[in-house]
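Structure assessment
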Amino acid sequence: METNQGQAPFKRNKKKRKNARFLHNAKGFAKQGIYGRGTHIDDDQYNYFINILDAMKNGFEDIEEKVTMANNVFEQTKDKEVYLASNQIVCKVLETLVGFVDAPQLEAYFQAFADSFRPICSDRFASHVLQKMVEIAFLRSVQKDQLKKAKSEENEEEEEKDDEPPSSKKPKLNKDVLSEERYNLDTEFLEEHKQNCANFVLRVGKFMLNNLEDFVWDHCANHIMRTCILCLSGIHVVKVAFEKGGADMAKNRKVYVVSEEFKEIAKEFAQRLEMWPQFCDFPYQEHSSALMGVLCIALKVIDKNMLKHFGKKILMEALLKAEETGDEEKEKKIEISDEETEEEPKEGIKGNKESQESSEVAQTKLPKVFQYQCSVILLETLLTVAGPKLLTQLYAMLFANKMALLAKEPSSNFAVQRLLQNIKEKDDFENVFQELHEHTEELLKIGHTGVIAALSSACLRLQTKQGQFISALQSALHVSGDKEKMKSFLLCLIKLKPFEILQQDKTAFVHLHGSLVIQDILRFNKPIFMVTCMLETSADYVVSVFNTPNGSHICDAFLESKFIGEKSREKLIKHLEGFYVDLAITKFGSRVIESCFAAASEPQKARIVKELADKSNMLKGSPFGKLIYHKLRVETYRLSADQWKASLQQKESKVTQLFKDIIN
């Protein structure tokens, strides 16, 4: 718990230090007469934009202050828009503030950039400003209420995933990005400005389409092209997700209704690329692979039939392409192995040779797609957006009879996880399970625990192979066949370590994937064994687990599971008695108290609050304890237990009345 709490501020400080270092370096270079990379600007201009960066670093009191600054900055660049945008420091300022400028300022930039599209698209700084302008123009051209219409179509598929446990990790999104999106959607712009923004998106999209041959391989222009395709498809993706990759982009997107003209241009990108003779090589080059991933995400939204055709073409012509084994590649492998054998001691040579032999076996058996990182990322995107038929084809042609081998390879085990997360046909999953469950122990040993977590999640979602999965886990953790060892099953899962190693581990560490597996098992059709294990584990250890970020969600799964009875829930709440104050004063434990209180019967609620009231001073000494103190009305209980009970009953009757019509 201590390590987890210590990590969060470290990450924040690291980000602050990075921004501070950029400004510090920029000021240092200015003293040497170097005013940022890119185009040359004079001393006064440079100092002006450095001061703006300083001001932005300190933050803004309200959105109006940011809008005023944006308009002032853009006024300073009048008649020099493209030249200044091609400077490193100015580019950073413009990219950050372009989403907050008034309509006339933005339209002036539309006109200035439209006259120089070609050089801008290949400029390593100005291209960032153009990319952001396309995104802002798209947001201003759509209506806020169009999001709901588009989302209702997506919800048809999301309903199938209702039984899945909530993700323990939410994507961390940049607050500035969110406020920028909200500002451009909420602000009432004139219809003329909205039309001008839509025209700008169309103009950039058509320019990219007409220069497709030049820009596919261009690092800067490729990014602009991908943003254009998403905007033309009505998709907005926050920058954080855009940087992570295709699968995360597909999950974090927001979809808006756009005109048919927008969609037709987006589809034309895919139609033209399909006809290229280099199509089969696209997945194996970084920029073209990323472009194809974005096209798959776009087609998922605008034309599912075309996605099926496009995805099948990628599979048949590119992903199934055989690996070319040239002499140069063999020479590289020999050089690497020679260096390693010279440095390794004699005892390590055998193990090293064995690992080389196994990797060579993997290379001979696995298709080319699994040998390149960019092609694996494209495959993951395709698995995320594919419909049932295409997904079955991907499984049959790339994964069938190779699951164990792929799951053990560092480069391909994430593709296996993505397949398990999206597999829709029960028969396909049962075949996958047969290949993987015998290798559970080996996967745990090599640290590919994400595959095990994805396997448990698929067992839950598809309602099959649940008992066999638990048996495979028990064998892998060395607890099967012995009643005493079986009692440690929960403890082994919490750390994902076998019984023998667990005896030496006295830390409070909770493995993320171990926690996810426990949550899934608690939601299985027959979770009785896991329930018994939890209730038989000492209360102080259960509390130490619940006080961690990963462990706190286990309590939620226990209390929310449809297959765990009311008596078992009452037993858990009673099991934690005497430790509620310990839970209340911690960040994650306080969440557990709220969950327990919501699920408890009236007498149990009274006992929980009484325990908290007895140590109210300790509760008030913690910021999290204070929240619990107010939420559960502990002060009212201290003054009068009867008044507290009356207020509780009144609150429950209000809730019942509120949902009366729905229940009836």
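Residues numbered from 1 in each chain as written. Predicted model: local features only at pLDDT ≥ 70, side-chain atom pairs only at ≥ 80, totals over all residues. Heavy atoms only, no water.

1. So, the overall build of the chain
For clarity, the cut-off: Each helix corresponds to a stretch of at least 4 residues labelled H or I by DSSP, and each strand to a stretch of at least 2 residues labelled E; elements are numbered beginning at the N terminus. Three labels apply to residues, based on accessible area from a 1.4 Å probe with only protein chains included: buried if under 20% of the type maximum, exposed if over 50%, partly exposed otherwise in between. Working rule for contacts: check all heavy atoms of both residues, and any pair within 4.5 Å makes them a contact. Per-residue and other accessible areas follow the Shrake-Rupley method at a 1.4 Å probe size, with only the shown protein chains counted as cover for residues.
For the chain, the count of helices and strands is 44 helices and two strands. The buried share of the chain, reckoned over its 664 residues, is 49%. Within the chain, residue pairs in contact and separated by at least 24 positions form 72% of the contacts whose partners lie at least 6 positions apart. Accessible surface computed for the chain: about 33600 Å², of which carbon and sulfur atoms make up 50%.

2. Observations concerning the environment of Gln474
If you trace the backbone, Gln474 turns up in helix H28 (residues 466-476). Here Gln474 falls in the buried class, since its relative accessible area comes to 10%. Excluding its chain neighbours within four sequence positions, the residues that come into contact with Gln474 are Val479, Ser480, Met486, Phe489 and Phe529.

3. Quick look at the UniProt feature "repeat: Pumilio" (unreviewed entry) in the chain
Selection criterion: UniProt positions are given in the numbering used here, feature names are shortened, and annotations may be inferred rather than shown by experiment.
Following the UniProt record, the feature "repeat: Pumilio" (unreviewed entry) maps to residues 575-610 here. End C-alpha to end C-alpha, residues 575-610 measures 16 Å, and it is 78% helix and 0% strand.

4. Here's the deal with the nonpolar core
One broad rule of soluble globular proteins: the nonpolar side chains tend to lie buried together. Which entries qualify depends on this criterion: Among buried residues, the Ala, Val, Leu, Ile, Met, Phe, Trp, Tyr and Cys ones that are joined through side-chain atoms within 4.5 Å form a nonpolar core.
Core analysis: the largest hydrophobic core is formed by 195 residues, its most contacted members being Phe399 and Leu612. Top element by residues in this core is helix H17 (residues 286-302). It accounts for 10 residues. Phe399 has contacts with Phe370, Leu379, Leu383, Leu394, Leu406, Ala415, Val416, Leu419 and Glu435, leaving out every residue within four places of it along the chain.

5. A closer look at the packing of helix H38 (residues 587-599) against helix H39 (residues 602-614)
Condition: Each axis is a line fitted through C-alpha atoms, taken for helices only over the stretch in contact, and angles between the N-to-C directions span 0 to 180 degrees. Just so you know the grouping, Ala, Val, Leu, Ile, Met, Phe, Trp, Tyr, Cys and Pro go in nonpolar, Asp, Glu, Lys and Arg go in charged, and all remaining residues, Gly too, go in polar.
In the contact formed by H38 and H39, the axes pass within 9 Å of each other and the chain directions differ by 145°. Listed contacts from H39 to Ile593, Phe597 and Ala598 of H38 are Lys605, Ile608, Val609 and Leu612. Taken together, the residues that form the contact of H38 with H39 break down as six nonpolar, no polar and one charged.

6. Overview of the packing of aromatic side chains
Both the distance between ring centres and the angle between the ring planes are used here to describe each pair of aromatic rings. To be explicit about the condition: Between the rings of Phe, Tyr and Trp (Trp by its six-membered ring), a pair exists once the centres lie within 6.5 Å; its type follows the angle of the planes, with under 30 degrees stacked, over 60 edge-to-face, and the other angles tilted. Charges are assigned to positions over rings by a cutoff of 6 Å between ring centre and Lys NZ or Arg CZ, combined with an angular limit of 35 degrees from the ring normal.
Across all of its chains, the model carries 21 aromatic pairs by this definition. On the numbers, 4.7 Å between centres and 55° between planes, the contact of Phe74 with Tyr109 is tilted. Placement of the pair is Phe74 in helix H3 (residues 63-76) and Tyr109 in helix H6 (residues 103-114), with a sequence separation of 35 residues. The structure contains a cluster of three or more aromatic residues connected by ring pairs, namely Phe110, Phe117, Phe200, Phe207 and Phe215. Positioned above the aromatic ring of Phe279 is the side chain of Lys313, whose terminal nitrogen or guanidinium carbon lies 5.5 Å from the ring centre. The lysine or arginine in question, Lys368, covers the ring of Tyr284, its NZ or CZ lying 4.2 Å from the ring centre.

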